[in-house]
Structures are given as C-alpha cells and as structure tokens.
There are 2 protein chains.
Amino acid sequence: MEIRKIFAANLKRYRQARGLSQEELAHRAELDRTYISALERCVYAASIDVVGRIAEVLEVKPSDLLVETVE
Amino acid sequence: MEIRKIFAANLKRYRQARGLSQEELAHRAELDRTYISALERCVYAASIDVVGRIAEVLEVKPSDLLVETVE
DNA sequence: ACATTCTGCAGAGTATACTCCGTGGTGAAA
DNA sequence: TTTCACCACGGAGTATACTCTGCAGAATGT
C-alpha cells in the first residue's frame, strides 16, 4: 500500500470521526483548505511537520496517521 | 518532542542497528548522502514518500519512524 | 426552486525539500 | 604518520510541497 494512500485514508477517517470539515481542520492546523483536499486525494507527499500539526488537531499520535489499517 | 527530532533519532538508531552507513542507506533508498546526514540533524522535514522509502530499506513500518521512544 | 455548506480542481506564486558538487574534520587501524 | 571510512557542512541548482484566488459541482436543508 502506498504511503500517500495510507495517510490520506487515515486523515479523512479521523477528520470525519472528529466531525471536522476540511476547512475547519485546515484553519486549526494553519494550513490551506485546498491543500487538505489535495492531501486526501494523494496529490502531494506531506512533510512530517505537516503530519505533526494535523495529528495534533486530530488528537492522535503522528505515527497513527501512517499506520495501515487492517479492516 | 518535535517530530523532526523523533524521526531523526529513530532514523539514526535503526540505521546503526542495521550496521549501515549514511552513504549505504542513501544509496539503497535512492537518496543523497548529504540529505540523510541533514535528516539526522533535523535540517529538513522529510516528506512521507521519503519516510516510506527509508522504512523499506530499514525493514520497519513507516509509522515506526515517527514513534516517540519512551526510553 | 433556493440557499448554504462542503469539496474538487485549475493556475500562478512562494517556500522548502532534495540533489549534486565540493572541503575538511574525526577516529580507528596499519 | 598515513590511510581510510565515516560524517558535518557549505553553496548552487532543480523538484515539489504549500499558499492563495477563484470557479463550479454535489449534498443537505428550507
């Protein structure tokens, strides 16, 4: 599984679980709304700084966002 | 703990545990030697693509490289 | 139908990740 | 001392992450 897809899936899943829109998450993490959208579509490879900031907002560990979910 | 420091510490620790030099790791991960050096000194925030490639060479999960070690 | 919220996406610009060249310093072994 | 493997670090260039603006489509509610 590509790491971008893993990250994108976890990002979207945790974001929706917290009831946050892309815009609200972007604002809290001080990122651009369209960038969050792009990350969920695997357009870019986020830097670990961004992973850390998003994890903080979503109240998960940074490593959680890179864990491949077994389902 | 800053995420760059966590990543840098894990990178260095796993690399040395595998008995790899920065240059050998760089070659296997198709990255530049000076870049690996810089990552271990927290100069840059690696992209998750790079995290994935390094994890593969070190034979660990990408998320392992972002886990804060308790010590 | 209409308004509103959310998201996808394009284009252009800026910041920074990443490469490639080099130099020099340290420590271990011959 | 000399050699050698390893690493820190600088500078300049290229690739790409990230921002900003704007427009349009889908979904939801009135």
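As the structure is a computational prediction, the values presented were derived from the model and not from experiment.

(A) Main features of the relation of the copies chain B and chain A. If you rotate chain B by 180° and push it 0.0 Å along the axis, it lands on chain A with an RMSD of 0.0 Å. Considering both components of the superposition, the chain copies are consistent with a two-fold axis. By C-alpha distance to the rotation axis, the residue of chain B lying nearest is Ser47 of chain B, at 2.0 Å. Of all interface residues in chain B, 100% are interface residues in chain A too; the two copies therefore contact each other through one and the same surface.

(B) The arrangement of the side chain of Arg15 of chain A in detail. All names here are of chain A. Here Arg15 is to be found in helix H1 (residues 3-17). One polar contact links Arg15 to Glu40, side chain to side chain, over a distance of 2.7 Å. When sequence neighbours within four positions are dropped, the list of residues in contact with Arg15 reads Leu20, Ser21, Gln22, Leu25, Glu40 and Leu58.

(C) Broad picture of the protein's contact with DNA strand D. By nearness alone, 19 residues border DNA strand D, and Tyr35 and Ser47 of chain A together with Arg15, Gln22 and Ser37 of chain B come closest of all. Counted by atom, the contact set of DNA strand D within 4 Å of the protein is 73% sugar and phosphate. Between DNA strand D and the protein, one listed contact pairs a phosphate oxygen with a side-chain N or O atom of Arg4 of chain A at 3.5 Å. Contact distances for DNA strand D include 3.4 Å between a base nitrogen and a side-chain N or O atom of Arg33 of chain B. Taken together, the elements giving at least two residues each to the surface near DNA strand D come down to helix H3 (33-40) of chain A together with helix H3 (33-40) of chain B. Taken together, the residues that form the surface near DNA strand D break down as six nonpolar, six polar and seven charged.

(D) Region of interest: the interface of chain B and chain A. Taken together, the contact pairs 14 residues of chain B with 14 residues of chain A. Looking only at chain B, the three residues that lose the most surface to chain A are Ile3, Ile48 and Leu66 of chain B, adding up to 47% of its buried area. Put simply, chain B and chain A have two salt bridges between them. The closest approach of N and O atoms between Asp49 of chain B and Arg4 of chain A, which form a salt bridge, is 2.7 Å. Run the count over chain B and chain A and you get four residue pairs in polar contact (both at pLDDT 80 or more).

Here is what the cut-offs are and how they apply
- Residues numbered from 1 in each chain as written.
- Chains lettered and ligands numbered in written order.
- Predicted model: local features only at pLDDT ≥ 70, side-chain atom pairs only at ≥ 80, totals over all residues.
- Heavy atoms only, no water.
- Least-squares fit on C-alpha atoms with pLDDT ≥ 70 in both.
- Contact = heavy atoms within 4.5 Å.
- Helix = DSSP H or I, 4+ residues; strand = E, 2+ residues; numbered from the N terminus.
- Polar contact = N/O pair within 3.5 Å; in protein donor to acceptor, adjacent residues only side chain to side chain.
- Near = heavy atom within 4 Å.
- Nonpolar A, V, L, I, M, F, W, Y, C, P; charged D, E, K, R; others polar.
- Buried area = accessible area lost by both parts, 1.4 Å probe.
- Salt bridge = Lys/Arg side-chain N within 4 Å of Asp/Glu carboxyl O.

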